[in-house]
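Summary of the model geometry
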Amino acid sequence: MATESVKLLSVRASPYAMRAILALEAKGVKYEIIEEDLSAKSQLLLESNPVYKKIPVLLHGEKAIPDSLFIVPYVDEAWPEHAAFFPKDPYGRAMTNFWGDFIDKKIFQLAVSTMKTKKGDPNKEAGVSELYENFLTLENGFTKLDAKPFFNGATIGYADICLAPLAAWLPVFVELAGIRVPTAEKAPKLHKFLSAIREHPATKVAFPDPDKLLAYVILHLKKTSQP
Ligand SMILES: N[C@@H](CCC(=O)N[C@@H](CS)C(=O)NCC(=O)O)C(=O)O
C-alpha cells in the first residue's frame, strides 16, 4: 500500500501542515504538495475533510487522512521500514501520546489564541503567563521521557513532530503574541530540542523562510480580524 500516490493538501505557513511534511520527510516518502487557498477552499479539500474542512489532509491512493495528529501516526504505520515515531512499550507509547496532546493543546492552540487576542485584553497577558508555565511543564516532560535530544531519542518521533513547528513559529509568537520562553538555564532541554530540530534536514523542507512566515501571518490576521 505504501506504493500508492501520496499528496498533501497544505498551506505553507501552517504549523499543522509542517508536522505532516516532517513526518513524510523523516520516513523518506515521495509526495506532492497541493497548496490550498483557505479563502477559496478547493472541492478536493471539502470532499477529503468534510467534517472540519481544514488542512492538512494526506491523500494516500484513495484514502484521505485529515488532521496532523492522525496523519503523523498514519505515516508511521504505513511506512514501518523507517525509524519508528513511537516507542514499542505501552507506557512509552502512552506518554508520547500524552505529551503530543499537551503540546498541541497547551502550546500551539494556546499560543495561536493568545496571538489572536487583541492587545490590552487581559486574556492576552493571561495566555502569555500560562504559556510560560506550560514551557516549564514541558521541560519536565523532556526530563521524564529522558529526551536526548528528542522525546523519541536520537531520531524524531510523534511528540517531537508535534512540537517541531514551534522552532519556525517562535519568532511569530514572540512578535505578535509577546510570548515569553524560559531561558536556557531554566529550560535547557527545550532549548536543546529547538537547536537540534533547526538542524534536522527535514525542517529545511518543512519550514518556510522566517521573514516570509511573519509577513504571511500579519497579512492573514489583518484579513481575518473583526472590524
Ligand atoms: N487539529 C488540526 C488543525 C488544523 C488547522 O487548524 N488548520 C487550519 C490552517 S493552520 C485550517 O485549515 N483552517 C481553515 C479553517 O479553519 O477554515 C491539525 O492538527 O491538523
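Here goes a summary of the coordinates provided. (Residues numbered from 1 in each chain as written. Predicted model: local features only at pLDDT ≥ 70, side-chain atom pairs only at ≥ 80, totals over all residues. Heavy atoms only, no water.)

1. Some remarks on the pairing of strand 3 (residues 57–60)
A regular strand carries its side chains on alternate faces of the sheet. Test applied: Only protein chains enter the accessibility calculation, which uses a 1.4 Å probe; a residue is then buried when its area is under 20% of its type maximum, exposed when over 50%, and partly exposed in between. A run of H or I in DSSP becomes a helix once it reaches four residues, and a run of E becomes a strand once it reaches two; helices and strands are each numbered from the N terminus. Should DSSP find at least two bridges between two strands, the strands are taken to pair.
Because side chains alternate across strand 3, one face comprises the buried residues Val57 and Leu59, and the other comprises Leu58 and His60, equally buried. Relative to strand 3, strand 1 (residues 6–10) runs antiparallel, the two being bridged by 4 bridges. Across the sheet, the residue bridging to Leu9 is Val57, located in strand 3. Of the strand pairs in this sheet, strand 3 and strand 4 (residues 63–66) are connected by 4 bridges, and their pairing is antiparallel. From the neighbouring strand, Val57 faces strand 4, where its bridge partner is Pro66. Adjacent in sequence and paired antiparallel, strand 3 and strand 4 are bridged by 2 residues, among which Gly61 carries a positive phi angle near 60°.

2. Here's the deal with the nonpolar core
Which entries qualify depends on this criterion: What is meant by a nonpolar core is a set of buried Ala, Val, Leu, Ile, Met, Phe, Trp, Tyr and Cys residues, joined one to another through side-chain atoms within 4.5 Å. Reported domain spans reflect what an automatic or database domain assignment gives. Contacts between residues were defined by any pair of non-hydrogen atoms, one from each residue, lying within 4.5 Å.
Core analysis: the largest hydrophobic core is formed by 65 residues, its most contacted members being Leu58, Leu138, Leu163, Leu166, Trp169 and Phe173. Element by element, the count of residues in this core is highest for helix 4 (residues 90–116), at 9 residues. Both domains that furnish three or more residues to this core are identified here as domain 1 (6–78) and domain 2 (90–223). With residues up to four places along the chain from it excluded, the contact list for Leu58 reads Val6, Lys7, Leu8, Leu24, Lys63, Ala64, Ile65, Ile71, Tyr74 and Val75.

3. Some remarks on helix 10 (residues 210–224)
Rules: Under the convention used throughout, the expected extent of a helix is 1.5 Å for every residue step, that is, one less than its residue count. Whenever a nitrogen or oxygen atom comes within 3.5 Å of another N or O atom, the pair is scored as a polar contact, on the condition that within protein one atom can donate a hydrogen and the other can accept it, and that pairs from neighbouring residues in sequence are kept only if both atoms are in side chains.
Compared with the 21 Å implied by 1.5 Å per residue over 15 residues, the 21 Å span of helix 10 between its first and last C-alpha is a close match. Each element contacted by the buried residues of helix 10 is listed here: helix 4 and helix 7 (165–177). Capping of helix 10 at its N-terminal end is provided by Asp209; its side-chain oxygen lies 3.2 Å from the backbone amide nitrogen of Asp211.

4. Considering the side chain of Ser14
One can find Ser14 in the loop between strand 1 and helix 1 (15–26). A distance of 3.0 Å separates a polar atom in the side chain of Ser14 from the backbone nitrogen of Ala17. Beyond its immediate sequence surroundings of up to four residues, Ser14 is in contact with Ile55 and Trp169.

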